[in-house]
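What the coordinates show
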There are 2 protein chains.
Amino acid sequence: MKDLLLKFKIELPEGIYLKDPESSTLGKKIIEHSIILIEDIGFEHFNFKKLGKEIGSNESSIYRYFESKHKVLLYLTSWYWSWLEYQLVLETYSMTNIEEKLKKAIEIVTKTTEQDDKYTHINEVLLNQIVIEENSKSYLTKDVDTENEEGLFLPFKRVVHRLSDIIITYNSAYDYPLSLSSTIIVGSLKQHFIKKHFKSISNYDGDKNQTDFFTDLALKTLIKNG
Amino acid sequence: MKDLLLKFKIELPEGIYLKDPESSTLGKKIIEHSIILIEDIGFEHFNFKKLGKEIGSNESSIYRYFESKHKVLLYLTSWYWSWLEYQLVLETYSMTNIEEKLKKAIEIVTKTTEQDDKYTHINEVLLNQIVIEENSKSYLTKDVDTENEEGLFLPFKRVVHRLSDIIITYNSAYDYPLSLSSTIIVGSLKQHFIKKHFKSISNYDGDKNQTDFFTDLALKTLIKNG
DNA sequence: CAAATATAATAGTAATACTATCATTTTTGC
DNA sequence: GCAAAAATGATAGTATTACTATTATATTTG
């Protein structure tokens, strides 16, 4: 476990960037301020000219790191899913009570993100907002199948598999572990969005929240009835 | 019921169009070919110039019906949700067995759409594909709150409320009827997408499908345990 | 059949999402 | 300490997009 902790690095798919933004100060600034700017003005209004202005750098320099703004979005969402996978592994690894483990896993993938000070140039709270509001746009394109073959969605799919594995451990007879896993993970993002923008179709007031909703849903769905 | 059947007209929110496309031949052609074209090339690559070419009409004429391509997407998705609401009401209205009613409702909102010959200029099968691939883009914008206040998302929210009402009838003690309803409705779209593009994280093969998944999920979640 | 309305044609605009080229600055290896 | 290499910056240019504005022509209606 100590080994895992020390070694774990956010590994992103090849081909997402032209030059690794982790390899230079400018690269890190691009990531840091992409997060701030996209969260602020939205992905549609975001572009490299505006980003360049924010970081006092040139548009053309940013193009040396990413071939398009779409790839920046892919980088950010992939980073988020890798980071979430790490949380998931870290916090459930040593748990032996499988019900507690399942509950913990659901809590991690459904709760509102808190700041992680390990990565100084990345604001995880803002990044979580971006994932809630923009994640779908990273795969709702005509290029999805090509990019999927290139492995660009692996970090997301790995998280789905991790939760699915925990679901299987809890109830190996259940027919839809992957579907339930993806429904919880993606559904949670949608519920965050609904809570914020379409309040009238949500039931989260007072002490009720989406973690409770999904925990209740999963435990009842996975009940062993033979 | 006969009354409902006769009177039901797909009513869309004011302000979605400048001129009602149902009011002219050109308007209907705009809708018909928007569906065909968006399904074919995707919303990003769709524009009024290309659409004009398809229907042998001028770009400027289309702008008299819709102020932007975003509003066309809102029109199409709103039409879909209104149509789905109609199916939901029509097919569950007279059912007295509440479990059967719940099952029927879930089936309607999760199954793959079949052609409805009542509306000749609208291909519901293609429209369903558009909703699966593009629906999120209609609300994942910085204008979502303004447009929500203008009532542009009411058709979608009405469907969520209809299913939620059926859920409440089935189990009035359940804490999250709206959350469960929206999770099933939006989750179903995502599951269709996953089945098509991210097969490795789905459990739909052989006779297993998303209607079964969501039906099982809902019935277990809504079990009355006092 | 004239007036009103709908549609078409054309031109124009600011912004976008880049590419290409060349100049300058910074880093590095000896 | 310096030359070569690498990184960054500056500038210009391009095709496309998502429209607006204006004027002309066709169609409908009273």
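Conventions used here
- Residues numbered from 1 in each chain as written.
- Chains lettered and ligands numbered in written order.
- Predicted model: local features only at pLDDT ≥ 70, side-chain atom pairs only at ≥ 80, totals over all residues.
- Heavy atoms only, no water.
- Helix = DSSP H or I, 4+ residues; strand = E, 2+ residues; numbered from the N terminus.
- Rg over C-alpha atoms; globule rule 2.2 N^0.38 Å.
- Buried < 20%, exposed > 50% of the residue type's maximum accessible area, 1.4 Å probe, protein only.
- Contact = heavy atoms within 4.5 Å.
- Areas by Shrake-Rupley, 256 points an atom, 1.4 Å probe, with all protein chains shown as cover.
- Lys, Arg positive; Asp, Glu negative; His and termini not counted.
- Charge placed at Lys NZ, Arg CZ, Asp CG, Glu CD.
- UniProt positions renumbered as here; feature names shortened; annotations may be inferred.
- Near = heavy atom within 4 Å.
- Polar contact = N/O pair within 3.5 Å; in protein donor to acceptor, adjacent residues only side chain to side chain.
- Nonpolar A, V, L, I, M, F, W, Y, C, P; charged D, E, K, R; others polar.
- Buried area = accessible area lost by both parts, 1.4 Å probe.
- Salt bridge = Lys/Arg side-chain N within 4 Å of Asp/Glu carboxyl O.
- Phe/Tyr/Trp six-rings, centres within 6.5 Å; stacked < 30°, edge-to-face > 60°.
- Least-squares fit on C-alpha atoms with pLDDT ≥ 70 in both.
- Axes fitted to C-alpha atoms, helices over the stretch in contact; angles between N-to-C directions.
- Parallel < 35°, antiparallel > 145°, perpendicular 65-115°, else oblique.
- Left-handed = near helix turned anticlockwise from the far one by under 90°.
- Patch = residues over 30% accessible without salt bridge, like charges linked within 9 Å, V, L, I, M, F, W, Y side chains within 5 Å.

Structural notes on the overall build of chain A
The secondary structure content of chain A amounts to 11 helices and zero strands. Secondary structure elements of chain A occur, N-terminal to C-terminal, as α-α-α-α-α-α-α-α-α-α-α. Rg of the C-alpha trace for chain A: 19 Å, near the compact-globule value of 17 Å for 226 residues, within the 12% margin. Out of the 226 residues belonging to chain A, those deemed buried represent 56%. For chain A, the share of sequence-separated contacts (at least 6 apart) that also reach a separation of at least 24 residues comes to 71%. Split by element, the accessible area of chain A, about 10,100 Å² in all, is 49% carbon and sulfur. Averaged over its 29 positive side-chain charges, chain A has a centre that lies 2 Å from the centre of its 34 negative ones.

Quick notes on the UniProt feature "domain: HTH tetR-type" (unreviewed entry) in chain A
Look at the UniProt record and you will see "domain: HTH tetR-type" (unreviewed entry) annotated at residues 24-84 of chain A. Split by type, residues 24-84 of chain A is 74% helix and 0% strand. Its first and last C-alpha atoms lie 24 Å apart.

Here we look at the protein's contact with DNA strand C
In the neighbourhood of DNA strand C, 18 residues make up the surrounding shell, with A:Glu59, A:Tyr63, B:Ser57, B:Ser61 and B:Tyr65 lying closest. Here, DNA strand C places atoms within 4 Å of the protein, and 63% of those atoms are sugar or phosphate. Within the side chain of B:Tyr65, one N or O atom sits 2.9 Å away from a phosphate oxygen of DNA strand C. Only helix H4 (59-62) of chain A together with helix H4 (59-62) of chain B provide two or more residues apiece to the surface near DNA strand C. Looking at the surface near DNA strand C, its residues break down into four nonpolar, eight polar and six charged.

Some words on the side chain of B:Glu134
All names here are of chain B. By the secondary structure assignment, Glu134 is in helix H7 (residues 124-139). Overall, Glu134 belongs to the buried group, its relative accessible area being 5%. In this structure the side chain of Glu134 is engaged in a polar contact, spanning 3.2 Å, whose partner is the backbone nitrogen of Phe43. Excluding its chain neighbours within four sequence positions, the residues that come into contact with Glu134 are Ile38, Gly42, Phe43, Glu44 and Leu73.

Some remarks on the side chain of A:Asp116
All names here are of chain A. For Asp116, the location among the structural elements is in the loop between helix H6 (98-110) and helix H7 (124-139). We classify Asp116 as buried; its relative accessible area is 13%. A distance of 2.9 Å separates a polar side-chain atom of Asp116 from the backbone nitrogen of Lys118.

Remarks on the protein's contact with DNA strand D
Taken together, 18 residues lie near DNA strand D, and A:Ser57, A:Ser61, A:Arg64, A:Tyr65 and B:Glu59 sit nearest. Put simply, 64% of the atoms of DNA strand D that lie within 4 Å of the protein are in sugar or phosphate. The contact in question runs from a phosphate oxygen of DNA strand D to an N or O atom on the side chain of A:Ser57, over 2.3 Å. Contact distances for DNA strand D include 3.3 Å between a base nitrogen and a side-chain N or O atom of B:Glu59. Class assignment of the residues belonging to the surface near DNA strand D gives a composition of four nonpolar, eight polar and six charged.

Some points on the interface of chain B and chain A
Chain B puts 51 residues into the contact, and the matching count from chain A is 51 residues. Taken together, both faces of the contact between chain B and chain A bury some 4,500 Å²; the carbon and sulfur share is 61%. Summed over the shared surface of chain B and chain A, the result is zero salt bridges. Inspection of the region where chain B meets chain A yields 27 residue pairs in polar contact (both at pLDDT 80 or more). For the side of chain B that touches chain A, the secondary structure elements donating two or more residues are helix H2 (25-41), H7, helix H8 (144-149), helix H9 (154-170), helix H10 (177-197) and helix H11 (210-221) of chain B. Looking at the side of chain B that touches chain A element by element, the count peaks at 12 residues for H10(B).

Section: the packing of aromatic side chains
Summed over all chains, the structure comprises 38 aromatic pairs over all chains. Note on A:Tyr139 and B:Phe198: the rings are 6.0 Å apart at their centroids and 70° apart in plane angle, and the pair reads as edge-to-face. Placement of the pair is A:Tyr139 in helix H7 and B:Phe198 in the loop between H10 and H11, with the two residues belonging to separate chains. On the accessibility criterion, A:Tyr139 (7% relative accessible area) is buried.

Observations concerning the relation of the copies chain B and chain A
Of the two same-sequence chains, chain B is brought onto chain A (RMSD 0.0 Å, axial shift 0.0 Å) by a rotation of 180°. Taken together, the rotation and translation relating the two chain copies correspond to the operation of a two-fold axis. Both copies contact each other with a shared surface, as 100% of the interface residues of chain B are interface residues in chain A too.

A word on the packing of H9(B) against H10(B)
Residue and element names in this part refer to chain B. Interaxial distance between H9 and H10 falls to 8 Å at its minimum, and their mutual angle equals 120°. Judged on the interaxial angle alone, H10 and H9 are oblique. For the crossing formed where H9 meets H10, the hand is right-handed. Residues Phe156, Val159, Val160, His161, Leu163, Ser164, Ile167 and Ile168 of H9 pack against Pro177, Leu178, Leu180, Ser181, Ser182, Ile184, Ile185 and Val186 of H10. Along the lines of polarity and charge, the residues of the contact of H9 with H10 split into 12 nonpolar, four polar and no charged.

Points about the pattern of salt bridges
As enumerated under the stated definition, the model contains 22 salt bridges over all chains in all. In this structure, the salt-bridge partner of B:Glu85 is B:Arg162, at a minimum N-O distance of 2.8 Å. One end of the pair, B:Glu85, is in helix H5 (residues 69-92); the other, B:Arg162, is in helix H9, and 77 residues separate them in sequence. Each member of the salt-bridge network shares a partner with another, and the members are A:Glu44, A:Glu134 and A:Lys137.

Describing a negative patch on the surface
Residues and elements named next belong to chain A. A cluster of acidic residues, Asp143, Asp145, Glu149 and Glu150, forms a negative patch on the protein surface. Here Asp143 is to be found in the loop between H7 and helix H8 (144-149). On the accessibility criterion, Asp143 (44% relative accessible area) is partly exposed.

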